[in-house]
Structures are given as structure tokens and as C-alpha cells.
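A look at the structure
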Amino acid sequence: MNQTYAVAAVTVVVLATVLIGALGLRISRTTSDFYVASRTVKPGLNAAAISGEYLSAASFLGIAGLVLLQGPDMLWYPVGYTAGYLVLLVLVAAPLRRSGAYTLSDFAEARLESAQARRLASLFVVGIGWLYLLPQLQGAGLTLEILTGAPDWVGGLVVAVVVTGAVAAGGMRSITFVQAFQYWLKLTALLVPAFFLAAAWLGDDAPRARFDAPAVFREHTAVRVDDTVRIDVGAPLTVTVSGRVDSTAYEQRRVTLTEGVHRVEAGTTLSFPQGAHVPRRAATGTDPHPASGREDPQSWSQPLAGGRDGHQLYATYGLILATFLGTMGLPHVAVRFYTSPNGRAARRTTLVVLGLVGAFYLLPPVYGALGRIYAPELALTGAADAAVLVLPDRVVGGLAGELLGALLAGGAFAAFLSTASGLTMSVAGVLSQDVLPSRGVRHFRLATALAMAVPLAVSLVATNVPVADAVGLAFAVSASSFCPLLVLGIWWRRLTPPGAIAGLVAGGGAALTAVMATRAGLAPGGWPHTLMAWPAVWSVPLGFLTMIVVSLATPRRVPAGTPAILARLHLPEDLVGRPPAEDVPAESARVQGGRR
Amino acid sequence: MSAEPSPARRARRETVTGVPRSARRPPGHAPARSEISEQTTLGHTYVRSLMRSQLRAALRALATLALVVGSLPLLFTLPTALDGAAVSSEPFVWAALGVGAYPVMWLIARWYVRRAERNERDFTGLVEGR
């Protein structure tokens, strides 16, 4: 792939982000502008900004990669990401806006009148934010590495620096413009190449992607293995090897690999003949990402087939619960609602978001299916997340292919930048209010640097995790902690601070522990592994139940202001006691002066 | 609930067409409003009634989502459960998850937004005595 075009495209996206951010800086004058864009963002612009922020690297690269590896069942990810917004809309959108709070911690404090609940909520906001930032930075590293051969930490560093700069400089007002721009950029970047790819595919007699059988090399293909892998060969396979396989060194020798697992060392080049089956990465032993929950390699290409012991079905429902209920608790999603002028606008904005996000998600599956046909070796090298980036070069080829590849690279970078900005913005908001001693815009800027420094440092030392998987983990934790807090806080009068705290700890803590244990490889095989890799099925009910039971056990602790708060959450703005004209100054003063 | 506005007030309401909303509702104008703002038992009943109607709309939307989208994983396993691997559910999976789910979810959302706004309008009408 020609590096010049790709580097140029990435540079243009980065520069455009900085420029639009600077434009926002010029009109970002007050503290209210800075944090919530003065709550005057119209539904159209705000919806594009929300979608731009929400469609992360997991959506842009990850879904296609997962579909390539594991077939159409992985489409539950985009469906879940979209449905999450629907659940958010019907359960929390308008009340969350009307609560007048800025972060989820503000909500916890306002609703429960408890500083303790606030601190715990802050902890979860920061934790989930960092969990979600990590794959963005790693994805950026991967993208830049594939495009230019730069070391994998460069991409993450570029994203971190640009985002920190844009957020610290312009705050929410400029970020709104940047993200609205990036939604349309991402849509274009996937849409235009998709047309060319589809045309090339039709010109190629429209071969069908097969997911019920191993993928097949369409032509003689040489695959260079960059990291040592163990591959699972289904049937005897003759390949030409340069390098070391099963501890034996070969130099351009034809080798017949017998059925079973073989170890291919880093730097080895395997040449497969046309029509050969693509071997799968073996899941045992050195598998670097056991958290995927697909520990059974046989089920990779057989989505839900037979529902072996129900593992697959359970994992699907775990994914559904995590994404459907987790969206509402993502810190960068929640912050966005405070930029709507009122609850009604928040609802209408969410409706537009559903349309924009849904339209976008029609595209990644196309790349996944084409990747299965034209770039099957990505399943072997483990770089399936790169499917979107390499396809134009592979399928269209020539100058057109390179230009389209550059467009996709730009879009991918827009995805990293926009999601990372939103997350940094919200994590920094919490850090500056609850962790750092003094408040004000200057400290917000300090918090921004801190918000980005931690995940950046972790991304440099942690092993690579598939982008969509890592994002799934953040969703599971969010669904088990903030979903119960928001839903019960908005709809249930008897919620008490001890109940909320216990629920956050039990639900969110359990999900986090399970996820971390699986990630660290501590989970035993079989059912325990499946249960821990997809905790949402049991941790969400656990969070809800703990919150309800402990609240019922502590009826005296129901906050005195509950009826007033619930009235404010649910009544239309023009019915509430305070006139809307006083709304903005009062609340921006509140943000500036911190919590009361 | 049906305090008759004075002619002067009615004239002013026409000229500003509701922009400075505070002008439209001086304290004590609508009894129900003051019941709510003063948090009397009757005021709480008003708020509860709105919450209940909004929650009903939300639960209806969620039930539809669970029924239409949430049941899909079970549906996908049906062919294999019924007659082995004779029929593949794959094309159905592609159609349902790749394309079909999105318009369905959007329609549910639109229904909910309209419903919730109507609930609020009805409630405002009730409180304002209009």
C-alpha cells in the first residue's frame, strides 16, 4: 500500500480536527460554553455530534474484523450499540437532561443527596472511560502501523496529543463541531469505498462469502506471520515455508502440515496455494485474548450452530444485555445530553441519532463479508481489525484502490479522534470536579492531560486486544453499574443512598472483576469462562437486585428531596417552577462553582 | 383549574406568542401548578400520574424491542434445533441483523417520542386547565 496517500489523509483529518477545534475556541467564551456548549446545541448538529462521538474504532474497524473472523453473528455488536440508544431514549434521555446535572456523578449526587454516592459514581465514570479509551489508542496504533509501518505506539500518541490539545483548548463547544464533522467524514469514508468494492465484487462474478466452512484462499497467497501463532490445521495442508514451524527451520521448502495444531514462529512466511483452507488460530496456549469468550475454536465459523452446551446462545445474550443496557452509562454518552436545550430536544436528538447510527451500521458488514472472501489470511495473522483498511487495495487495486484506502484511513482516524475526545472530555470533567483540588477552566485543562495520560501509558504496556472486544467489556461494566442507578434513580421513589452504593459496588464491581479475571487468564475453561467473559447476564440483575433490596432495607434513608427531584426530572421544563430564562446562568454558575 | 384569565392578560399572551414563557404563568394563576411547585399531596399525585404514563410508554417500547429483536438469537437456533444442520439460518441472520433491525428500532423510537410528547402535552393541558 502506498504510504503517501494514507499519511496525507490522516494528516488532513488531524489538521481539520485541530482547525475546527480552534474555530470553536474563538467562540467558546464562557464556562458554560466550555462544559456544555451553553446548552444551545440544536438537535441536528447535536445528533451528528453524538453519532460522531459514539461511532468509535470498534464500529469503524472492529465490526468488519469480527464478521470476517466469526461470521454474521457478530452483527449483534452494531445492533446492540444501536439498541442501546433506543433503551437510553425510552428510559433516561429526557429525565437525564432535566436533572440539570453535568456528569453522572452530578446525577448521583443530585438524586441521592449523598457525597459518598457521588464519589463512587465518579470512580466508575473514570474507570469505564479509561477502559473505553484504551482500545481507541491501541486501534490508532494498529492503523498507523498497517498504513505506514510506524511502531505501534505512534498512532496512540498522535491521537492522545491531538485530543488532549483540542479538548483542553476548546471544551465542549468546539468538540461539538469537531464531532459533527467527524460523523459525516466517517460515513463518507465507509460509503464511497463500499460502492467501489461492491462494483469490483460484482465484476468478479459476485463470489459468496462462506461462513459455515473455513475460509479459502482465492489465489496463491504469501502470508507473513509477525507474531508467533499456533494454528489449527483442519486437513493436511501443503505450504511453502520460509522460517520456523514447529521448531524446525525451513528455507523456501514445501512442507505438508498434518492435521492438528502447529506453532508458527514470528517472522515466518507461509505461501498457500490457491483453494487452500485458511487455518485458524488455535485458541489454546498462547491465545493472547481469551476474553473473547469464543474459547471453542470450532464454533468460530459456526455461529450458534447446535448451541453447543448453550455457550454461544449465552454469550449472545450476554452481549445483548451489555450493549442494550450499557450505552446509557457510558460517560461520554451521558455528558452529551446536557448540551440539549431541554428534555424534549434531548428526546428528538436521540431519535435522529438512532437514524444516523443505524445508517452507518449498514456499511461495516459489507466490509466484513468482502474481507472473508478477499482477505481471509487476516484471520490467521490476527490483524482482522485491519480488514477495512486493506480491502480497497486488495479488491480495487491501482491508484483508485490507494485513494480509497487513504479515505478509509482518514475515516478510521476520525473515529479514534472523536470517541477519544468525548471520553477525555467526560473523564476530565469528573477528574476536575471530584479529584483535583481547585476548579475552573485551567484545572480542567490539567485534568484533560491526566485523563489521557493514564490510558496512554497502559496502552503502551498492555497487549493488544481486539478493539470490539475491549469495548464490549466497558459496556458490561457500565450496564451493571450505571444502568441500575439511572433507571431506579429516575423511576423509583424508594431508592436510598446505601442501596445505590451497594448496587454500584455489587453489580459494577462483579462485572469489572469478572472481566479483569478473564482478561488476566484466571478464568477456568468451559462454563465458568463463558460466565465470566460475558458477565452482563448475571451482573445486571445482581446490580438491580442489590440496589432494590438494600434500599428497601433502609427506608429511613430515602432522601428528603426525592419528590421534588422526581418532579423536576419528569415535568416538562415550562411547568417547573424556575423560568427557563434563568436556566443557563444559574447552571453555569453551578458548574463553575462546583457542586453545592 | 379553570381560572378565567383577565382580558389584559389574554391580549399580552397573544402578542408574545409564548416566547418568554415565564410571562404566561404568574404564580397562583393555575392552581394545579402551585400544587406541584408547593409539593402538596395533590401535587405529588399529579407528578405520579405523569410518571406512570411515561413509564407505561417506555415499558411498551422496551417490550416491543425485546419481542422483536431480543427473541432473534432463539429464532436463529431454531433450524438447527429442529432438523440438524439441514437448513442454515445464515441468510436470515444477515437479513435480520445486517439490515432489518435498524428500521424496526427507529420506528419503535419514533412511536415512543410521539407518545411521550403527547403525554406531556396532555399533562400540561391538565395542569394549565386548558
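About the thresholds
- Residues numbered from 1 in each chain as written.
- Chains lettered and ligands numbered in written order.
- Predicted model: local features only at pLDDT ≥ 70, side-chain atom pairs only at ≥ 80, totals over all residues.
- UniProt positions renumbered as here; feature names shortened; annotations may be inferred.
- Helix = DSSP H or I, 4+ residues; strand = E, 2+ residues; numbered from the N terminus.
- Buried ≥ 20, exposed ≤ 12 C-beta atoms within 10 Å, placed from the backbone.
- Contact = placed C-beta atoms within 7 Å.
- Nonpolar A, V, L, I, M, F, W, Y, C, P; charged D, E, K, R; others polar.
- Axes fitted to C-alpha atoms, helices over the stretch in contact; angles between N-to-C directions.
- Parallel < 35°, antiparallel > 145°, perpendicular 65-115°, else oblique.
- Left-handed = near helix turned anticlockwise from the far one by under 90°.
- Pairing = 2+ DSSP bridges.
- pLDDT = per-residue confidence, 0-100.
- Core = buried A, V, L, I, M, F, W, Y, C linked by C-beta atoms within 7 Å.
- Domains from an automatic or database assignment.
- Expected span 1.5 Å × (residues − 1).
- Bend = angle between axes of the 7 residues up to and from the residue.

In the nomenclature of an unreviewed UniProt entry, chain B is known as DUF485 domain-containing protein of Streptomyces ficellus.

Per an unreviewed UniProt entry, the recorded name for chain A is Cation acetate symporter, and the organism is Streptomyces ficellus. Chain A has a UniProt comment under Sequence similarities (unreviewed entry) that states "Belongs to the sodium:solute symporter (SSF) (TC 2.A.21) family." For chain A, the Subcellular location (unreviewed entry) comment in UniProt is given as "Cell membrane".

1. Observations regarding the overall build of chain A
Helices and strands together make up the secondary structure of chain A, namely 23 helices and 7 strands. Counting the 596 residues in chain A, one finds 61% classified as buried.

2. Structural notes on the overall build of chain B
Per the secondary structure count, chain B includes 5 helices and 0 strands. Looking at the 130 residues of chain B, the share that counts as buried comes to 27%. The long-range fraction of contacts in chain B, counting pairs at least 24 apart against all pairs at least 6 apart in sequence, stands at 66%.

3. Describing the UniProt feature "transmembrane region" (unreviewed entry) in chain B
The UniProt feature table records "transmembrane region" (unreviewed entry) at residues 57–80 and 92–113 of chain B. As a span, residues 92–113 of chain B carries 100% helix and 0% strand, and end to end its C-alpha atoms are 30 Å apart.

4. Thoughts on the interface of chain B and chain A
Contacts between the two partners involve 45 residues from chain B, matched on the other side by 47 residues from chain A. Residue assignment for the side of chain B that touches chain A shows that the elements contributing at least two residues are α2 (31–37), α3 (41–70), α4 (72–83) and α5 (90–128) of chain B. Considering every element that reaches the side of chain B that touches chain A, the biggest residue donor is α5 of chain B, with 20 residues. Looking at the side of chain B that touches chain A residue by residue, the class counts come to 28 nonpolar, 11 polar and 6 charged.

5. Things to note about the packing of helix α8 (residues 115–148) of chain A against helix α16 (residues 398–435) of chain A
Residue and element names in this part refer to chain A. The geometry of α8 relative to α16 is characterised by a closest axis approach of 9 Å and an angle of 155° between their N-to-C directions. Between α8 and α16, the interaxial angle falls into the category roughly antiparallel. The handedness of the crossing between α8 and α16 comes out as left-handed. Among the residues making up the contact of α8 with α16, the classes are represented as 16 nonpolar, 7 polar and 2 charged.

6. Focus: the pairing of strand β4 (residues 248–257) of chain A
Residues and elements named next belong to chain A. Taking burial as the measure, the 10 residues of β4 include 1 buried ones, a minor fraction of the element. Across 8 bridges, strand β3 (residues 237–245) lies against β4 in antiparallel orientation. In the sheet register, V241 faces β4, and the bridge partner there is R253.

7. What about the confidence of the model for chain B?
Averaged over every residue, the pLDDT of chain B is 76; residues scoring 70 or more account for 65%. Reported confidence for the predicted complex is 0.83 by ipTM and 0.82 by pTM.

8. A word on unusual backbone geometry
Residue and element names in this part refer to chain A. Positioned with a positive phi, E113 is a non-glycine residue whose angle comes to about 50°. Among the structural elements, E113 can be located in the loop between α7 (104–112) and α8. By C-beta crowding, E113 is classed as partly exposed, having 17 other C-beta atoms within 10 Å.

9. Structural notes on the nonpolar core
Residues and elements named next belong to chain A. Counting residues in each nonpolar core, the largest one holds 231 residues, and the members touching the most others are L86 and A387. Examining the composition of this core, we find that 19 residues originate from one element, helix α9 (residues 152–203), more than from any other. Mapping this core onto the domain boundaries places at least three of its residues in each of domain 1 (3–201 + 301–570) and domain 2 (221–300).

10. Side note on the confidence of the model for chain A
As a note on interpretation, predicted positions should not be read in detail where pLDDT is low. Residues and elements named next belong to chain A. Predicted confidence across chain A gives a mean pLDDT of 79, with 84% of residues reaching 70 or more. When mean pLDDT is taken per element in chain A, helix α21 (residues 536–553) scores highest with 94 and helix α23 (residues 583–593) scores lowest with 38. Note that residues 284–309 has pLDDT below 50 and, in this model, 64 contacts with residues that lie over four places away or in other chains. This model gives residues 578–596 a pLDDT under 50, and the stretch forms 25 contacts once residues within four places in sequence are excluded.

11. So, α5 of chain B
In this model, α5 of chain B (39 residues) spans 56 Å end to end at C-alpha, consistent with the 57 Å of a helix rising 1.5 Å per residue. Roughly 50° is the biggest bend found in α5 of chain B, and it falls at G100 of chain B, with proline P103 of chain B one to four residues downstream.

12. What to know about the environment of R336 of chain A
All names here are of chain A. Here R336 shows up in helix α11 (residues 331–337). Assessed through the 31 C-beta atoms surrounding it within 10 Å, R336 is described here as buried. Sequence separation of R336 and S426 is 90 residues, and the distance between their C-alpha atoms is 9.2 Å. Excluding residues within four positions of it along the chain, R336 makes contact with I50 and E53.

13. Examining helix α15 (residues 387–395) of chain A
Residues and elements named next belong to chain A. Burial runs high along α15: 7 of the 9 residues are buried. Considered for burial, the residues of α15 that qualify are A387, V388, L389, V390, L391, P392 and V395. Just downstream of α15 lies G397, where phi reads positive at about 75°.

14. Structural notes on the environment of G52 of chain A
Residues and elements named next belong to chain A. Tracing the backbone shows G52 in helix α3 (residues 43–54). For G52, a count of 30 C-beta atoms within 10 Å translates into the label buried. Each C-alpha atom of the pair G52 and L185 lies 8.8 Å from the other, and the pair is 133 residues apart in sequence. In this structure, G52 is in contact with Q179, A180, Q182, Y183, K186 and S418, ignoring residues within four places of it in sequence.

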